[in-house]
Amino acid sequence: MPMNKLEIEKELLAPANEISIIKLVDSLIDHAYESRASDIHIDPASDKVTVRLRIDGVMHGAFILPKEIQSEVITRLKVLSGLRTDEHQIAQDGRFKFIAEDKKEFDIRISIVPTYYEENAVLRLLVEQGQAHNLDTIGFSERDLNIVKSAMQKPYGMILATGPTGSGKTTTLYTILKILNTDDVEIITIEDPIEYSLEKTTQIQVNNQTSLTFAKGLRSILRQDPNIIMVGEIRDEETAKIAVNAALTGHLLLSTLHTNDAPTALPRLIDMGVEPFLIVSTVNVVIAQRLVRQICSDCKIEKKYSLSALKTLGAHLPPEFLSDNQNFFVGAGCKTCGNSGYLGRVPIHEVFEITDAIREAIVSRVGAQEIKEIAKKEGMTTMFEDGFKKVIAGITTMEEILRVIHE
């Protein structure tokens, strides 16, 4: 039976040779799961090993392990995930299933790399795998939701999600895939790595050791008679061109790009060598997003901003956003949220629809900023504006929006 936090701390005070490594590793994972952590970082130093948890996107210190048990903890993780225990000089990636104390089963993805102070480990807890995602509850505004649903109903074209690592892009695409995953379509994905298992679909893992890249995998997928394809990421010219060609020849293709906002996705494809007329013919919608922490409902209190603070905000927002909207909320901090004032995360979105005006701008090869201005005139809500709407609704805080978007 796993130990709670106090029991883990007590166990770590015992002599290194008396610590049960199997029980300790299980307890660390169980504690991370109970704390709603998405990742566990096991970071070695010269005289200790630090365990940190990423909770709601922010790192928190958790435990200090004795240096003497570092190799045993790493070996235990290698055994669980089927990695080579005799190899210490190369990076290794693996995966294993874990059953928490409350009988919840989920996958854990693990990355082990050699560092200056021997090997470290980062574990990603894929707890959301069993959750039922729903577009209606994922945080889209009514306008944005209608645009995304319209794009999903088209039999061909591209749906792109953009944003930095850890912004929830894959979760959004999986939510769309689950809705599209009916008996009358064939869905094939190629991912690096496969995040969640999806029934009734064919999922392919990129493997650079066997030269199975996104581009080569995508070529093979097109010979497998799919209706819908998901490519984990468009990261090079070859993948971009094959993806656009697939979308042009009657496939609905979902993928991700690394750009800061939605309008920049189209110039990014041009940079990858895709012709503008092909982009406007294939891209249905671009969804940019970030994840912001949600105010804890147990300790939510009202907060007044000073006039000078509101004027500073006004530099970024249309006047109508600040008129009569001077009531804001924050979390005071309580036991439920671990005194952080936040509990869980919610996405903020920027949904970029390809309208006739946008098509003309792309074909004319105008810059990303001009495309963004046209999109705003056409009714697009920027991520900052969508975030501010969620601030007014009491879902998150102004500080959190500014932290995530870096305005």
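Given the structure is predicted, the values throughout are model-derived calculations rather than measurements.

**Considering helix α5 (residues 169-180)**
- Along its twelve residues, α5 runs 17 Å from first to last C-alpha, staying within 8% of the 16 Å computed at 1.5 Å per residue.
- Of all twelve residues in α5, nine are buried, a share of seventy percent or more.
- Those residues of α5 not exposed but buried are Lys169, Thr171, Thr172, Leu173, Tyr174, Thr175, Ile176, Leu177 and Leu180.

**With respect to the packing of aromatic side chains**
- Inspection of every chain in the model, using the stated rule, returns five aromatic pairs.
- Here Tyr33 and Phe106 contribute two aromatic rings whose centre-to-centre distance is 5.3 Å and whose plane-to-plane angle is 25°, an arrangement assigned as stacked. Residue Tyr33 is found in helix α2 (residues 21-34), and its partner Phe106 is found in strand β5 (residues 105-115); the two are separated by 73 residues along the sequence. The exposure classification of Tyr33 matches that of Phe106, with both residues buried.
- Relative to Tyr196, the ring of Tyr174 has its centre 5.2 Å away and its plane inclined at 70°; by these criteria the two rings are edge-to-face. Residue Tyr174 is located in helix α5, and its partner Tyr196 is located in the loop between β8 (187-191) and β9 (202-205); the two are separated by 22 residues in the primary sequence.
- The buried category is assigned to Tyr196, whose relative accessible area is 10%.

**So, the packing of helix α12 (residues 356-363) against helix α13 (residues 368-377)**
- Running from amino to carboxyl end, α12 crosses α13 at an angle of 170°, the nearest separation of the two axes being 10 Å. Overall, the two elements α12 and α13 adopt an arrangement that is roughly antiparallel. Across from Ala357, Ile358, Ala361 and Ile362 in α12, the residues of α13 making contact are Ile371, Ile374 and Ala375.

**Notes on the sheet that holds strand β12 (residues 283-295)**
- Strand order in the open sheet made by the seven strands is β9-β8-β10-β11-β7-β12-β15, with mixed pairing throughout. Edge positions in the open sheet fall to β9 and β15 (342-353), since each of these has one partner strand only. Pairwise comparison of adjacent strand axes, ignoring direction, gives a mean angle of 20° for this sheet.
- Bridge analysis of strand β10 (residues 228-231) against strand β11 (residues 252-257) gives four bridges, and the strand direction is parallel. When the sheet's bridge partners are listed, Ile228 is paired in β11 with Leu252.
- Lying over the sheet, helix α15 (residues 398-405) contacts β12 and β15, oriented at roughly 130° with respect to β12.

**Focus on the pairing of β11**
- In terms of burial, β11 is largely enclosed, as six of its six residues are buried.
- Alternating residues of β11 divide into Leu252, Leu254 and Thr256 and Leu253, Ser255 and Leu257, and every residue in both groups is buried.

**Details of the environment of Met380**
- Within the secondary structure, Met380 is located in the loop between α13 and α14 (383-392).
- It is 8.4 Å that separates the C-alpha atoms of Met380 and Asp144, two residues lying 236 residues apart in sequence.
- In contact with Met380, not counting residues within four places along its chain, are Arg143, Pro263, Glu350, Val351, Phe352, Lys372, Ala375 and Glu385.

Reading guide: rules and limits
Residues numbered from 1 in each chain as written. Predicted model: local features only at pLDDT ≥ 70, side-chain atom pairs only at ≥ 80, totals over all residues. Heavy atoms only, no water. Helix = DSSP H or I, 4+ residues; strand = E, 2+ residues; numbered from the N terminus. Expected span 1.5 Å × (residues − 1). Buried < 20%, exposed > 50% of the residue type's maximum accessible area, 1.4 Å probe, protein only. Phe/Tyr/Trp six-rings, centres within 6.5 Å; stacked < 30°, edge-to-face > 60°. Axes fitted to C-alpha atoms, helices over the stretch in contact; angles between N-to-C directions. Parallel < 35°, antiparallel > 145°, perpendicular 65-115°, else oblique. Contact = heavy atoms within 4.5 Å. Pairing = 2+ DSSP bridges.

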